[in-house]
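What follows is each chain in one-letter form.
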Amino acid sequence: MIFDSLVVGGGVAGMQCALLLGSAKEKTYAKNKKIGIIMHQRASHLQTALFNNVLGLPKGKLGSDILLEGKEELKNRYPHVAQIENEKVTAVLEIEEGYKVITNKNEYESKIVVIALNYAKPFDIAGLERYVEKHSRANPMKDRIQLRNFNHLIHHGLYVCGTIAGWRSQFAIAAGSGASVATDILSLWNDNISTKIHDKI
(Lines give C-alpha, C1' and ligand atoms only; values in the text may rest on other atoms or scores of the structure.)
Protein backbone atom coordinates (compact mmCIF):
# COMPACT_ATOMS: atom_id res chain seq x y z
CA MET A 1 0.00 0.00 0.00
CA ILE A 2 1.29 3.48 -0.89
CA PHE A 3 0.48 6.56 1.20
CA ASP A 4 0.99 10.27 0.80
CA SER A 5 1.48 10.56 4.55
CA LEU A 6 1.90 7.79 7.12
CA VAL A 7 1.99 8.44 10.87
CA VAL A 8 3.80 5.96 13.12
CA GLY A 9 2.34 5.99 16.62
CA GLY A 10 -1.19 6.04 18.02
CA GLY A 11 -0.69 8.24 21.08
CA VAL A 12 -1.71 11.88 21.55
CA ALA A 13 0.72 13.40 19.04
CA GLY A 14 0.15 10.77 16.36
CA MET A 15 -3.64 10.77 16.56
CA GLN A 16 -3.80 14.58 16.64
CA CYS A 17 -1.59 14.73 13.55
CA ALA A 18 -3.74 12.17 11.72
CA LEU A 19 -6.96 13.89 12.82
CA LEU A 20 -5.86 17.25 11.47
CA LEU A 21 -4.60 15.77 8.20
CA GLY A 22 -7.93 13.96 7.82
CA SER A 23 -9.89 17.15 8.48
CA ALA A 24 -8.47 18.78 5.35
CA LYS A 25 -10.17 16.30 3.01
CA GLU A 26 -12.35 18.95 1.35
CA LYS A 27 -9.41 21.21 0.53
CA THR A 28 -8.29 21.01 -3.10
CA TYR A 29 -4.68 20.33 -2.15
CA ALA A 30 -5.63 17.48 0.21
CA LYS A 31 -8.31 15.73 -1.85
CA ASN A 32 -7.49 12.14 -2.72
CA LYS A 33 -4.43 12.13 -0.46
CA LYS A 34 -3.90 8.71 1.07
CA ILE A 35 -3.33 9.13 4.80
CA GLY A 36 -2.61 6.35 7.28
CA ILE A 37 -1.64 5.84 10.90
CA ILE A 38 0.04 2.78 12.35
CA MET A 39 -1.51 2.61 15.82
CA HIS A 40 1.72 1.35 17.35
CA GLN A 41 1.48 2.44 20.98
CA ARG A 42 4.07 0.16 22.57
CA ALA A 43 3.75 1.32 26.18
CA SER A 44 1.94 4.62 25.73
CA HIS A 45 2.17 6.85 28.78
CA LEU A 46 -1.52 7.60 28.21
CA GLN A 47 -2.37 4.16 29.55
CA THR A 48 -1.67 5.29 33.12
CA ALA A 49 -2.40 9.03 32.79
CA LEU A 50 -4.98 10.98 34.77
CA PHE A 51 -5.79 14.50 33.54
CA ASN A 52 -6.86 17.38 35.77
CA ASN A 53 -5.21 20.32 33.99
CA VAL A 54 -5.93 20.08 30.26
CA LEU A 55 -8.14 22.70 28.63
CA GLY A 56 -11.21 21.01 27.14
CA LEU A 57 -10.88 17.76 29.09
CA PRO A 58 -13.04 17.20 32.17
CA LYS A 59 -11.20 16.81 35.45
CA GLY A 60 -10.35 13.17 36.12
CA LYS A 61 -10.22 12.14 32.45
CA LEU A 62 -8.29 8.90 32.00
CA GLY A 63 -5.61 8.57 29.36
CA SER A 64 -6.65 4.98 28.72
CA ASP A 65 -10.10 6.26 27.71
CA ILE A 66 -8.55 8.84 25.37
CA LEU A 67 -6.64 6.08 23.57
CA LEU A 68 -9.89 4.25 22.83
CA GLU A 69 -12.01 7.32 22.17
CA GLY A 70 -9.37 8.84 19.91
CA LYS A 71 -9.43 5.83 17.62
CA GLU A 72 -13.22 5.96 17.42
CA GLU A 73 -13.22 9.72 16.81
CA LEU A 74 -10.74 9.37 13.96
CA LYS A 75 -12.66 6.45 12.49
CA ASN A 76 -16.07 8.15 12.70
CA ARG A 77 -15.03 11.63 11.56
CA TYR A 78 -12.48 10.73 8.92
CA PRO A 79 -12.89 7.11 7.81
CA HIS A 80 -10.64 7.79 4.80
CA VAL A 81 -7.67 7.83 7.22
CA ALA A 82 -6.50 4.22 7.32
CA GLN A 83 -5.89 2.90 10.83
CA ILE A 84 -3.40 0.04 10.89
CA GLU A 85 -3.70 -2.02 14.06
CA ASN A 86 -1.54 -4.65 15.74
CA GLU A 87 1.63 -3.95 13.79
CA LYS A 88 5.01 -2.90 15.14
CA VAL A 89 7.33 -0.83 12.98
CA THR A 90 10.77 -2.39 12.64
CA ALA A 91 12.33 -0.21 9.93
CA VAL A 92 11.89 3.12 8.14
CA LEU A 93 14.09 3.16 5.05
CA GLU A 94 14.59 5.98 2.58
CA ILE A 95 13.69 5.10 -1.01
CA GLU A 96 13.51 7.11 -4.22
CA GLU A 97 9.91 8.26 -3.77
CA GLY A 98 9.88 8.68 0.00
CA TYR A 99 10.15 5.92 2.57
CA LYS A 100 9.51 2.23 3.00
CA VAL A 101 7.99 1.43 6.39
CA ILE A 102 8.44 -2.20 7.42
CA THR A 103 6.41 -3.73 10.22
CA ASN A 104 6.37 -7.19 11.75
CA LYS A 105 3.57 -8.06 9.30
CA ASN A 106 3.67 -5.80 6.23
CA GLU A 107 5.55 -3.25 4.16
CA TYR A 108 4.23 0.18 3.19
CA GLU A 109 5.52 3.07 1.11
CA SER A 110 4.84 6.70 1.86
CA LYS A 111 6.02 10.03 0.47
CA ILE A 112 5.95 11.44 4.01
CA VAL A 113 6.46 9.63 7.33
CA VAL A 114 5.76 11.08 10.79
CA ILE A 115 7.34 9.37 13.82
CA ALA A 116 5.10 9.90 16.85
CA LEU A 117 6.30 7.30 19.36
CA ASN A 118 7.19 7.98 22.98
CA TYR A 119 10.65 8.91 24.20
CA ALA A 120 11.50 5.77 26.15
CA LYS A 121 14.27 3.29 25.44
CA PRO A 122 14.85 0.95 23.76
CA PHE A 123 14.37 2.51 20.34
CA ASP A 124 15.15 -0.11 17.74
CA ILE A 125 13.69 1.04 14.42
CA ALA A 126 16.24 0.36 11.69
CA GLY A 127 17.04 3.34 9.50
CA LEU A 128 16.49 5.89 12.25
CA GLU A 129 19.39 5.00 14.58
CA ARG A 130 21.60 7.84 13.35
CA TYR A 131 19.03 10.41 14.51
CA VAL A 132 18.75 9.16 18.11
CA GLU A 133 20.18 11.47 20.75
CA LYS A 134 19.72 12.33 24.42
CA HIS A 135 16.44 14.10 25.19
CA SER A 136 17.01 17.84 25.61
CA ARG A 137 14.16 18.55 28.06
CA ALA A 138 13.50 15.38 30.05
CA ASN A 139 14.89 14.72 33.52
CA PRO A 140 18.38 13.29 32.87
CA MET A 141 17.76 10.60 35.49
CA LYS A 142 15.04 9.12 33.27
CA ASP A 143 17.44 8.60 30.35
CA ARG A 144 14.96 9.57 27.62
CA ILE A 145 15.76 9.94 23.91
CA GLN A 146 14.66 12.10 21.01
CA LEU A 147 15.19 12.10 17.26
CA ARG A 148 17.37 14.96 16.05
CA ASN A 149 15.19 17.46 14.21
CA PHE A 150 14.74 21.10 13.28
CA ASN A 151 11.18 22.31 13.91
CA HIS A 152 9.96 18.69 13.72
CA LEU A 153 11.72 17.95 10.43
CA ILE A 154 14.34 15.18 10.59
CA HIS A 155 15.05 14.83 6.89
CA HIS A 156 13.21 15.56 3.65
CA GLY A 157 9.77 13.95 4.02
CA LEU A 158 10.55 12.60 7.51
CA TYR A 159 8.99 14.31 10.53
CA VAL A 160 8.82 13.66 14.27
CA CYS A 161 6.32 14.93 16.86
CA GLY A 162 5.52 14.58 20.53
CA THR A 163 7.98 13.65 23.24
CA ILE A 164 10.35 11.95 20.81
CA ALA A 165 10.69 15.31 19.03
CA GLY A 166 12.24 16.72 22.22
CA TRP A 167 9.10 18.05 23.89
CA ARG A 168 8.08 17.56 27.51
CA SER A 169 5.56 14.91 28.40
CA GLN A 170 2.42 17.04 28.71
CA PHE A 171 -0.80 16.20 26.90
CA ALA A 172 -1.32 19.70 25.46
CA ILE A 173 2.30 19.93 24.28
CA ALA A 174 2.18 16.53 22.56
CA ALA A 175 -1.14 17.35 20.86
CA GLY A 176 0.18 20.72 19.72
CA SER A 177 3.33 19.12 18.34
CA GLY A 178 1.25 16.67 16.29
CA ALA A 179 -0.96 19.50 15.02
CA SER A 180 2.11 21.54 14.09
CA VAL A 181 3.50 18.73 11.96
CA ALA A 182 0.12 18.25 10.28
CA THR A 183 -0.05 21.92 9.30
CA ASP A 184 3.51 21.72 7.93
CA ILE A 185 2.47 18.79 5.75
CA LEU A 186 -0.71 20.54 4.62
CA SER A 187 1.34 23.62 3.74
CA LEU A 188 3.67 21.41 1.71
CA TRP A 189 0.71 19.95 -0.15
CA ASN A 190 -0.59 23.49 -0.69
CA ASP A 191 2.43 24.40 -2.87
CA ASN A 192 4.33 25.57 0.23
CA ILE A 193 1.72 28.20 1.04
CA SER A 194 1.28 28.35 4.81
CA THR A 195 -2.06 26.86 5.78
CA LYS A 196 -4.15 25.75 8.72
CA ILE A 197 -7.57 24.17 9.12
CA HIS A 198 -10.14 26.24 11.05
CA ASP A 199 -13.89 25.83 11.11
CA LYS A 200 -16.05 28.89 11.81
CA ILE A 201 -19.62 29.46 12.86
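Residues numbered from 1 in each chain as written. Predicted model: local features only at pLDDT ≥ 70, side-chain atom pairs only at ≥ 80, totals over all residues. Heavy atoms only, no water.

Focus: the overall build of the chain
Just so we agree on the cut-off: A helix here means a DSSP run of H or I that spans at least four residues, while a strand means a run of E at least two residues long, and both kinds are numbered starting from the N terminus. As a reference, a globule follows 2.2 Å times the number of residues to the power 0.38, and the radius of gyration itself is taken over C-alpha atoms. Between buried and exposed lies partly exposed: a residue is buried under 20% and exposed over 50% of the maximum accessible area for its type, with that area taken using a 1.4 Å probe on protein chains only. Should any heavy atoms of two residues lie within 4.5 Å, those residues are considered in contact. What sets the accessible areas is the Shrake-Rupley method with a 1.4 Å probe; for residues, cover comes only from the shown protein chains. Charged residues are defined narrowly, with Lys and Arg counted positive, Asp and Glu counted negative, and His plus the chain ends left uncounted. Working definition for charges: the position is that of NZ of Lys, CZ of Arg, CG of Asp or CD of Glu.
Within the chain, the regular secondary structure consists of three helices and twelve strands. Taken against the 2.2 N^0.38 rule, which gives 17 Å for 201 residues, the C-alpha radius of gyration of the chain at 16 Å falls within 12% of a compact globule. In terms of overall dimensions, the chain has C-alpha extents of about 45 × 45 × 30 Å along its principal axes. Burial analysis of the chain (201 residues in total) assigns 51% to the buried set. The contacts of the chain with a sequence gap of at least 6 include a subset with a gap of at least 24, amounting to 61%. When the accessible area of the chain is evaluated, it comes to approximately 10800 Å², of which 51% is carbon and sulfur surface. One way to put it: in the chain the 25 positive side-chain charges average out to a point 6 Å from where the 20 negative ones average out.

Thoughts on the packing of helix α1 (residues 12-23) against helix α3 (residues 171-189)
Selection rule: All axes here are fitted lines through C-alpha atoms, helices being fitted over the stretch that makes contact, and every angle between N-to-C directions spans 0 to 180 degrees. A clockwise turn of the near helix away from the far one marks a right-handed crossing, whereas an anticlockwise turn of less than a right angle marks a left-handed crossing. Note on residue classes: Ala, Val, Leu, Ile, Met, Phe, Trp, Tyr, Cys and Pro are nonpolar, Asp, Glu, Lys and Arg are charged, and everything else, Gly too, is polar.
Look at α1 against α3: their axes get within 7 Å of each other, and the N-to-C directions meet at 35 degrees. Of the two elements, α1 crosses α3, and the hand of that crossing is right-handed. Mapping the contact onto sequence places Val 12, Ala 13, Gln 16, Cys 17, Leu 20 and Leu 21 in α1 and Phe 171, Ala 174, Ala 175, Gly 178, Ala 179, Val 181, Ala 182, Thr 183, Ile 185, Leu 186 and Trp 189 in α3. Of the residues belonging to the contact of α1 with α3, the class tally is 14 nonpolar, three polar and no charged.

Considerations on α1
Inclusion rule: To estimate the expected span of a helix, count its residues, drop one, and scale the result by 1.5 Å.
Helix length check: α1 (twelve residues) gives 16 Å between terminal C-alpha atoms against 16 Å at 1.5 Å per residue, within 8%. α1 sits mainly inside the fold: ten of its twelve residues count as buried. Buried within α1 we find Val 12, Ala 13, Gly 14, Met 15, Cys 17, Ala 18, Leu 19, Leu 20, Leu 21 and Gly 22. Those residues of α1 that are buried lie in contact with β1 (2-8), β2 (35-38), α2 (63-77), β8 (107-115) and α3.

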